[in-house]
Amino acid sequence: MNVLELFEAIKVFVFDIDGVLTDGMLHVQEDGELLRRMNIKDGYALQLAIKKGYKVWVISGGKTLAVRNRLDKLGVTEVHVAIEDKLGLLRSLMAAGGHRAEELLYMGDDMPDKASMLLCGLRACPADAVGDIKQIAHYISPLKGGAGCVRDVIEKVMKINGHWE
């Protein structure tokens, strides 16, 4: 099967935060606050996908209030942080929305994403994902986490389906 055929069926994007929506680096401030970097091009693609009727779910084990606020401003309403059971939450979201596995693209970068990725129809990862995740991915973006990999997959799905502007 051509991997581009998997992109065509996608209706829901599922993203991890650290290492996917951010570059995975943490700047630790004196007060203990952790700063993360996000890519503005990823933000554009996220808000456009939502406007075109795609669902975006963000599932992270981290506790990232600032990232939640950023995603909220982009229109992402399903932002779940401090999640210990990503797979359980993903199954619940799928059931609540009536979504089948083949409609979901999951982009993760590290071992906590593996079980959830295996459930989804299209498994994607950034160029700098760990080896075990690259091994199960259908698509490895040429871009690193926080450097446009999110836009890469969103743009592919939307262009294939004639929704990219």
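Everything numeric here is computed off the predicted structure, so don't read it as measured data. (Residues numbered from 1 in each chain as written. Predicted model: local features only at pLDDT ≥ 70, side-chain atom pairs only at ≥ 80, totals over all residues. Heavy atoms only, no water.)

Chemist: Help me understand the packing of helix α3 (residues 40–51) against helix α8 (residues 149–160) in this model?
Modeler: The interhelical angle for the contact between α3 and α8, taken along N-to-C directions, is 35°, at an axis separation of 8 Å. Crossing hand, α3 versus α8: left-handed. Taking contact as the criterion, the partners of K41, D42, Y44, A45, L46, L48 and A49 in α3 are, on α8, C149, V150, R151, I154 and M158. A per-class count over the contact of α3 with α8 returns nine nonpolar, no polar and three charged. (Axes fitted to C-alpha atoms, helices over the stretch in contact; angles between N-to-C directions. Helix = DSSP H or I, 4+ residues; strand = E, 2+ residues; numbered from the N terminus. Left-handed = near helix turned anticlockwise from the far one by under 90°. Contact = heavy atoms within 4.5 Å. Nonpolar A, V, L, I, M, F, W, Y, C, P; charged D, E, K, R; others polar.)

Chemist: Explanation requested: the packing of aromatic side chains in the structure shown.
Modeler: In this description, an aromatic ring pair is defined by two values, namely the gap between the centres and the angle between the planes. Summed over all chains, the structure comprises four aromatic pairs. The interplanar angle of 45° and the centroid separation of 5.6 Å between the aromatic rings of F13 and Y54 together place this pair among those described as tilted. Taken as a pair, F13 in strand β1 (residues 12–15) and Y54 in the loop between α3 and β4 (55–59) lie far apart in primary sequence, 41 residues in all. Under the relative-accessibility criterion, F13 is labelled buried at 0%. Seen from their ring centres, Y44 and W164 are 6.0 Å apart, and the 85° between their planes marks the pair as edge-to-face. Taken together, the positions of Y44 in helix α3 and W164 in the segment after α8 put the pair 120 residues apart, joining distant regions of the chain. Clustering of aromatic rings is evident, with ring pairs tying together F13, F15 and Y54. (Phe/Tyr/Trp six-rings, centres within 6.5 Å; stacked < 30°, edge-to-face > 60°. Buried < 20%, exposed > 50% of the residue type's maximum accessible area, 1.4 Å probe, protein only.)

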